[in-house]
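These are the residues of each chain, in order.
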Amino acid sequence: MGSKKFSEKTVNIVSLGCPKNLVDTENMINDLESRGYQIVADAEKAEIILVNTCSFVTDARKESIDTLLELSRYKEDGNAKLLVGTGCLVSRYKESLPDLIPEVDLMLSTFEESSLGAILDDISRNGSQSKAEAQLIAPNSIPFREKRLTPHHRAYVKVSEGCDHTCTFCSIPLSRGLQVSRKPEDILDEVRRLGDEGVREITLIAQDLTRYGADLEIKDGLAQLLQMIDGLKKVNWVRLLYAYPTLVTDRLLDVIRESSSVVKYLDIPLQHVNGNVLRRMERPGNLESSQRLVSRIREKVPGISLRTTFIVGFPGETEEEFQELLSFVKWAKFDHLGVFSFSKEDGTPSYEMDGQVPAKIKNQRRNQVMALQKKISLEKNKSYVGEVMPVLIEGPSEQSSLVLSGRIATMAPDSIDGEVLVLSGSASVGEIVDCRITKAHHYDLEAWEVSVPTID
């Protein structure tokens, strides 16, 4: 590795991928700052450059590799002495990556990331990594993060790591392992401290939220956790992402309906509804069970906003099976919907499956679903026009700095579900204000502020 002693201990960090990766990056930042390292925005000025990688699909892997290669030039053109790769890409390909990207000096898997600070200290003292080796840390050991990468008014809270499901298209267990849940008291302590810091919205994240607590032998763990969080009265909005379809219990729906802080929003990645396709995916269900699930949720929680994702072009998907999915989308009228064209992931059973669908057909099918959903989304948004609704202000809109951007409770953060363009008022970032919805677009809404902030 050569002599790598750091004189200024400056670190530039790039976080790629999902919110779960973002939480991991926040953990590393907090550990490094506690050890005297300074996080800098300019890679050219950093002695250490870190990329927290993603490997979820082919495009994500390419982005991760390209980012590492691009930033490696600062070892020649800048101040960098060390290029570090962490995250899911490293977890999956740690044996082969050193030959593929020799420019990377240090690689740590998702389970080794908490050793980063100790290893950098060792390198700084000795000029090379000599004593401190990467240690496998239990993924339920997540310390409180004094600093976050999200705006001050919202935060992601990871409640578990890994996944126990064996979906044939998914590489998550290869990079994240089996599910390990955090203790409820640790999560509650984090929520309590976030609320005391002024956080208005927390989003609970996991590979599978609905299995939270199963490894701790807690029955209906997610429902119990939500009740305890609601009882804290510390945050205004609690949002749920990534619920497994067959694990959405009546008790969970009761809690969502009755809670004062849990928003009526549920993300359930169905992936498909045709029974044959789902069996090849090694997922339960069929068209009828999917219809029953959607009907039950809407019956139990009136007004709930449902989001889902689908995969089109899965190996063997026939035109008839695709049309069944398309008909279901038309029937279900989801509030928010995303579609992925099937991506071959090496190491997964679907990689070698017969009946691989040509890229042209996959793209055509994806476009058909999204064209249908675009009409549904506009119809849904038109139903809001004239209503007065609480809007969480995010700041100036990227569409125009002259108007504010916000979200109603049925929109997830980070532009997942669109935005509310607030055309009048002077609310500050993080305030929740009542706004009258005046106009609907396919994915966004326009509104006027009609009252003073509902939060001091």
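Remember, it's a predicted structure, so these values are computed and weren't measured experimentally.

Conventions used here
Residues numbered from 1 in each chain as written. Predicted model: local features only at pLDDT ≥ 70, side-chain atom pairs only at ≥ 80, totals over all residues. Heavy atoms only, no water. Phe/Tyr/Trp six-rings, centres within 6.5 Å; stacked < 30°, edge-to-face > 60°. Helix = DSSP H or I, 4+ residues; strand = E, 2+ residues; numbered from the N terminus. Buried < 20%, exposed > 50% of the residue type's maximum accessible area, 1.4 Å probe, protein only. 1 Å grid on protein atoms, 1.4 Å probe; cavity = no way out; pocket = protein on both sides within 12 Å on 5 of 7 lines; lining within 4 Å. Points joined across faces, edges and corners; volume = space filled by probe spheres on them. Nonpolar A, V, L, I, M, F, W, Y, C, P; charged D, E, K, R; others polar. Expected span 1.5 Å × (residues − 1). Contact = heavy atoms within 4.5 Å. Salt bridge = Lys/Arg side-chain N within 4 Å of Asp/Glu carboxyl O. Pairing = 2+ DSSP bridges. Axes fitted to C-alpha atoms, helices over the stretch in contact; angles between N-to-C directions. Parallel < 35°, antiparallel > 145°, perpendicular 65-115°, else oblique. Left-handed = near helix turned anticlockwise from the far one by under 90°.

Now, about the packing of aromatic side chains: what can you tell me, with residues and values included?
Per the stated rule, a full pass over the model turns up six aromatic pairs. Their ring planes at 85° and their centres at 6.4 Å tell us that Phe169 and Phe314 sit as a pair that is edge-to-face. Separated by 145 residues along the polypeptide, Phe169 in the loop between β7 (160–161) and α7 (172–176) and Phe314 in the loop between β12 (305–312) and α13 (319–332) bring together distant segments of the chain. Across the pair, exposure class does not vary: Phe169 and Phe314 are buried alike. A centroid spacing of 5.7 Å and a plane angle of 35° characterise the contact between Phe328 and Trp331, whose relative ring orientation is tilted. In this pair, Phe328 and Trp331 both sit in helix α13, three residues apart, roughly one turn of the helix.

I'd love a proper account of empty space enclosed by the protein, names of residues and values included.
As enumerated under the stated definition, the model contains three cavities of 30 Å³ or more in all. Of the voids in this model, the largest cavity is the one considered here, and its volume is about 80 Å³. Take the lining of the largest cavity: its biggest share by element is three residues, from helix α14 (residues 359–382). Partitioned by chemical class, the residues of the lining of the largest cavity number four nonpolar, five polar and three charged. Computed from the structure, the second largest cavity encloses a volume of approximately 40 Å³. Forming the boundary of the second largest cavity are Ile268, Leu270, Leu293, Val294, Ile297, Leu306, Arg307, Thr308 and Phe334. Broken down by secondary-structure element, the contributors of at least two residues to the lining of the second largest cavity are α12 (287–300) and β12.

Tell me about α14, and please be specific about residues and values.
Taking 1.5 Å as the rise per residue, α14 with 24 residues should run 34 Å; its terminal C-alpha atoms sit 35 Å apart, in good agreement. Within α14, the full set of buried residues consists of Lys362, Arg365, Val369, Met370, Gln373, Ile376, Ser377 and Asn381. Contact partners of the buried residues in α14: β12, α13, β13 (336–341), β17 (432–440) and β18 (445–449).

With reference to specific residues and values, describe the pattern of salt bridges.
Under the criterion given, the structure shown has 34 salt bridges. Between Lys158 and Asp24 there is a salt bridge; the shortest N-O distance is 2.7 Å. With a gap of 134 residues between them, Lys158 in strand β6 (residues 154–158) and Asp24 in helix α1 (residues 19–34) connect regions that are remote in the sequence. Each member of the pair, Lys158 together with Asp24, is buried. Of the charged contacts, one joins Glu190 and Arg182 as a salt bridge, the two residues approaching to 2.8 Å between their closest N and O atoms. The class of Glu190 is buried, set by a relative accessible area of 2%. A relative accessible area of 1% places Arg182 in the buried class. Three or more residues joined by partner-sharing salt bridges are found here, namely Arg154, Glu201, Arg239, Glu394, Arg407 and Asp414.

Now, about the sheet that holds strand β16 (residues 420–422): what can you tell me, with residues and values included?
Taken together, five strands build a closed barrel; the order of strands is β14-β15-β16-β18-β17 and the barrel is mixed. On average, each strand axis in the sheet is inclined to that of its neighbour by 50°, with strand direction left out of account. Where β17 meets β18, five bridges bridge the pair, whose relative direction is antiparallel. Residue pairing across strands places Ile437 opposite Ala447, the latter belonging to β18.

Report on the packing of α1 against helix α6 (residues 116–126), specifying residues and quantitative values.
Following both chains from N to C, one finds α1 and α6 inclined at 40°, their axes separated by 9 Å at the closest point. The angle between the axes of α1 and α6 places the two elements in the oblique class. α6 is crossed by α1, and the crossing has right-handed handedness. Touching Met28, Asp31 and Leu32 of α1 are Leu116, Gly117 and Leu120, all from α6. Tallied by class, residues from the contact of α1 with α6 come to four nonpolar, one polar and one charged.

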